[in-house]
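# Working through the structure, step by step
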Amino acid sequence: KPSQTLPNLRLSIDLSIQQFAQDALRDGAVRSKAKGGSAVVIDVTSGELLAIASYPTYDLNNPPNNDPEARRFRPVMDAIELGSASKPMWIAKALDHGIITPNTIFDVRGGKMFLAGGMIRDDHAMSVPLDTQGVLRFSSNIGMYKISLKAGRERLYDSLMKVGFGRSPGTGFPGEWKGRIHKPENWSEMRFANMSFGQGYAISALQLAHAVSIMAGGGQDRGVNLIAKDKE
């Protein structure tokens, strides 16, 4: 016989925020002529998922029969290459590990760096060295690679895993993407360089939002919670 004393389960989704996120995502996708998009809103103090939107979408009462793209729940299923969005998270980890300080200087002059297998470049070629804050401000790929050289491959990989890349967020959504990150022993030098500034691996929009929530929430991983938490 089922227990009669279990508390009611309440979803964390806020209907007002969900509607706003869905509308803003739709308008942004239409303006940019995007084929699809995702929006995720997380409460960084609790890990509660307040909104999660996918575009294109459809009416659940009238689902499309022959449009798999509309039925695809992009925030948890689509793989994206993170790019420069990863830089603040990796710099934060490097600071936590004591590998760098805010004032560590990196020679990024010229905007190009040759290494085994190719070359990496900065969008904004600098004529002077940059400190850590400058590396982030000017989104320097060369600076990020030099930070990663100080840290080493294993520490970079471990830091990516600790912010939730390479594992499922755990919401229970069907088709939840867990990410794809190759082990560091398989990285070429170019792959190592690319990994340091967010290329060469794939995550979902939900994983990105989770990672950002850790950084914005004081460094604590509160998970991604679809069930509302009781407020004290």
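Report on the accompanying structure. (Residues numbered from 1 in each chain as written. Predicted model: local features only at pLDDT ≥ 70, side-chain atom pairs only at ≥ 80, totals over all residues. Heavy atoms only, no water.)

### Describing the overall build of the chain
When helices and strands are counted, the chain shows 9 helices and 8 strands. Projecting the C-alpha coordinates of the chain onto the three principal axes gives extents of approximately 65 × 40 × 30 Å. Buried positions account for 42% of the 232 residues belonging to the chain. Intrachain contacts of the chain at a sequence separation of at least 6 include 69% that bridge at least 24 residues. When the accessible surface of the chain is summed, it comes to about 13,100 Å², and 51% of that surface belongs to carbon and sulfur atoms. Charge centroids of the chain, computed over 28 positive and 23 negative side chains, lie 4 Å from each other. (Helix = DSSP H or I, 4+ residues; strand = E, 2+ residues; numbered from the N terminus. Buried < 20%, exposed > 50% of the residue type's maximum accessible area, 1.4 Å probe, protein only. Contact = heavy atoms within 4.5 Å. Areas by Shrake-Rupley, 256 points an atom, 1.4 Å probe, with all protein chains shown as cover. Lys, Arg positive; Asp, Glu negative; His and termini not counted. Charge placed at Lys NZ, Arg CZ, Asp CG, Glu CD.)

### Digging into the packing of helix H6 (residues 141-151) against helix H8 (residues 189-196)
As a packed pair, H6 and H8 sit with axes 8 Å apart at the nearest point and diverge in direction by 110°. It follows from the interaxial angle that H6 and H8 lie roughly perpendicular. Viewed along their axes, H6 and H8 form a crossing whose handedness is right-handed. Contacts between H6 and H8 pair Met-144, Tyr-145, Ser-148 and Leu-149 from the former with Glu-189, Phe-192, Ala-193 and Ser-196 from the latter. Partitioned by chemical class, the residues of the contact of H6 with H8 number 5 nonpolar, 2 polar and 1 charged. (Axes fitted to C-alpha atoms, helices over the stretch in contact; angles between N-to-C directions. Parallel < 35°, antiparallel > 145°, perpendicular 65-115°, else oblique. Left-handed = near helix turned anticlockwise from the far one by under 90°. Nonpolar A, V, L, I, M, F, W, Y, C, P; charged D, E, K, R; others polar.)

### Here we look at the environment of Thr-171
Residue position: Thr-171 is located in the loop between helix H7 (153-162) and H8. Thr-171 sits in the buried class, given a relative accessible area of 14%. Each C-alpha atom, one on Thr-171 and one on Leu-226, is 6.2 Å from the other, the two residues being 55 residues apart in sequence. Within the structure, the side chain of Thr-171 is placed 3.2 Å from the backbone nitrogen of Phe-173, a separation counted as a polar contact. At 2.5 Å, the side chain of Thr-171 and the side chain of Glu-176 are in polar contact. (Polar contact = N/O pair within 3.5 Å; in protein donor to acceptor, adjacent residues only side chain to side chain.)

### Thoughts on the packing of aromatic side chains
Tallied over the entire structure, the rule returns 5 aromatic pairs. On the basis of an interplanar angle of 75° and a centroid distance of 5.9 Å, the ring pair of Tyr-145 and Phe-192 is categorised as edge-to-face. Here Tyr-145 is found in helix H6, whereas its partner Phe-192 is found in helix H8, with 47 residues between them in sequence. The burial state of Tyr-145 is the same as that of Phe-192; both residues are buried. (Phe/Tyr/Trp six-rings, centres within 6.5 Å; stacked < 30°, edge-to-face > 60°.)

### Looking at the side chain of Ser-204
Mapped onto the secondary structure, Ser-204 falls in the loop between strand E8 (202-203) and helix H9 (205-216). Ser-204 sits in the buried class, given a relative accessible area of 1%. Apart from the residues within four sequence positions on either side, Ser-204 is in contact with Pro-75, Val-76, Asp-78, Ile-80 and Trp-177.

### So, the pairing of strand E6 (residues 118-121)
Both strand E5 (residues 112-115) and E6 contribute to a ladder of 4 bridges, which runs antiparallel. Each residue of the ladder has a partner; that of Phe-114, found in E6, is Met-119. Hairpin connection of E5 to E6: 2 residues between the antiparallel strands, including Gly-117 at a positive phi of 95°. (Pairing = 2+ DSSP bridges.)

### Concerning a nonpolar patch on the surface
A contiguous nonpolar patch, built from Leu-9, Leu-11 and Ile-227 and spanning about 330 Å² of accessible area, is present on the exposed surface. Within the secondary structure layout, Ile-227 lies in the segment after H9. Judged by relative accessible area, which is 39%, Ile-227 ranks as partly exposed. (Patch = residues over 30% accessible without salt bridge, like charges linked within 9 Å, V, L, I, M, F, W, Y side chains within 5 Å. Salt bridge = Lys/Arg side-chain N within 4 Å of Asp/Glu carboxyl O.)

### Observations regarding the nonpolar core
Of all hydrophobic cores here, the largest spans 37 residues; its most connected members are Ile-120, Ile-147, Phe-165 and Tyr-201. The set of elements that each furnish at least two residues to this core consists of helix H4 (87-96), E5, H6, H7, H8 and H9. The dominant element in this core, judged by the number of residues it contributes, is H6, at 5 residues. Apart from the residues within four sequence positions on either side, Tyr-201 is in contact with Ile-80, Glu-81, Leu-82, Ser-86, Leu-160, Phe-165, Arg-180, Ile-181 and Met-195. Counting 9 residues, the second-largest nonpolar core is a separate cluster that includes Ile-42, Leu-49, Ala-209 and Leu-226. (Core = buried A, V, L, I, M, F, W, Y, C linked by side-chain atoms within 4.5 Å.)

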